[in-house]
Amino acid sequence: DLTAAGVSVWLDDLSRERIESGNLRDLIDNFSVRGVTTNPTIFAQALSSPSYAPAIASEKAAGSDATSAIFNITTEDVASACEILKDVYDATDGVDGMVSIEVEPGLAHDAAATITQAKELYAKVGKENVMIKIPATLAGLEAITEVTAAGISVNVTLIFSVGRYQAVIDAYMTGIEKAIDAGIDVSKIHSVAS
């Protein structure tokens, strides 16, 4: 009923176990989940599960440091979730079926580093239905504009006032205008503000 009324129910959780067990597919098919969002806390909890032992061992064998290992493992999970939600994305012309992954919280006050990591996350996931989650800090506003201008969908988080929400809208719209000027198909750019 919620979906029929235009409400998009998103799952605020993702793990390899949820993907591999078919639970995510079940939630989409039987409980109308229309999108998934992640954050570093969700992944920190998930990575303690035994289902990650092979991936962690593989990263260790490859000589990855902790930051690289987490980046590789989490982007792989997000790419898998994007694949599972692809039919929803296609059926709704991109209105639903998105999965978001967040830039590192330590970058929240560094616009340039946020922009760089957002582009890296987008490239590594490599799926049209991925969103990059960016905090609505002052530096985040600049990042929202530049990431959107690059044709990347954004999920803006940590908005705690009407004034900041308006600033997020302005940053996003400026990014859309820049994307249009650059000849990017803006019909493929989506946003969430939370």
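Before reading further, recall that the structure is shown in the block above.
Residues numbered from 1 in each chain as written. Predicted model: local features only at pLDDT ≥ 70, side-chain atom pairs only at ≥ 80, totals over all residues. Heavy atoms only, no water.

Draft legend 1. Inspection of the pairing of strand E3 (residues 98-102) at higher detail. Taken across its 5 residues, E3 has 5 buried, putting it largely inside the fold. Alternating residues of E3 divide into Met98, Ser100 and Glu102 and Val99 and Ile101, and every residue in both groups is buried. Direction of pairing for strand E2 (residues 33-37) relative to E3: parallel, over a ladder of 3 bridges. Each bridged residue has a counterpart across the sheet, and for glycine 35 the counterpart in E3 is methionine 98. Of the pairings in the sheet, the one linking E3 to strand E4 (residues 130-135) comprises 4 bridges and is parallel in character. (Buried < 20%, exposed > 50% of the residue type's maximum accessible area, 1.4 Å probe, protein only. Helix = DSSP H or I, 4+ residues; strand = E, 2+ residues; numbered from the N terminus. Pairing = 2+ DSSP bridges.)

Draft legend 2. Structural detail: the sheet that holds strand E6 (residues 191-193). If you walk across this open sheet you meet the 6 strands as E1-E2-E3-E4-E5-E6, and the pairing is parallel. Sheet topology places strand E1 (9-11) and E6 at the edges, where each strand pairs with a single neighbour. Each neighbouring strand pair of the sheet contributes to a mean axis angle of 25°, computed without reference to strand direction. Here strand E5 (residues 154-157) runs beside E6; their pairing, made up of 3 bridges, is parallel. (Axes fitted to C-alpha atoms, helices over the stretch in contact; angles between N-to-C directions.)

Draft legend 3. Examining the nonpolar core more closely. Ranked by internal contacts, the top residues of the largest apolar core, which has 41 residues, are Leu14, Leu24, Val78, Ile132 and Ile144. Core analysis: the next-biggest nonpolar cluster, separate from the first, contains 5 residues, Leu47, Tyr52, Ala55 and Ile73 among them. (Core = buried A, V, L, I, M, F, W, Y, C linked by side-chain atoms within 4.5 Å.)

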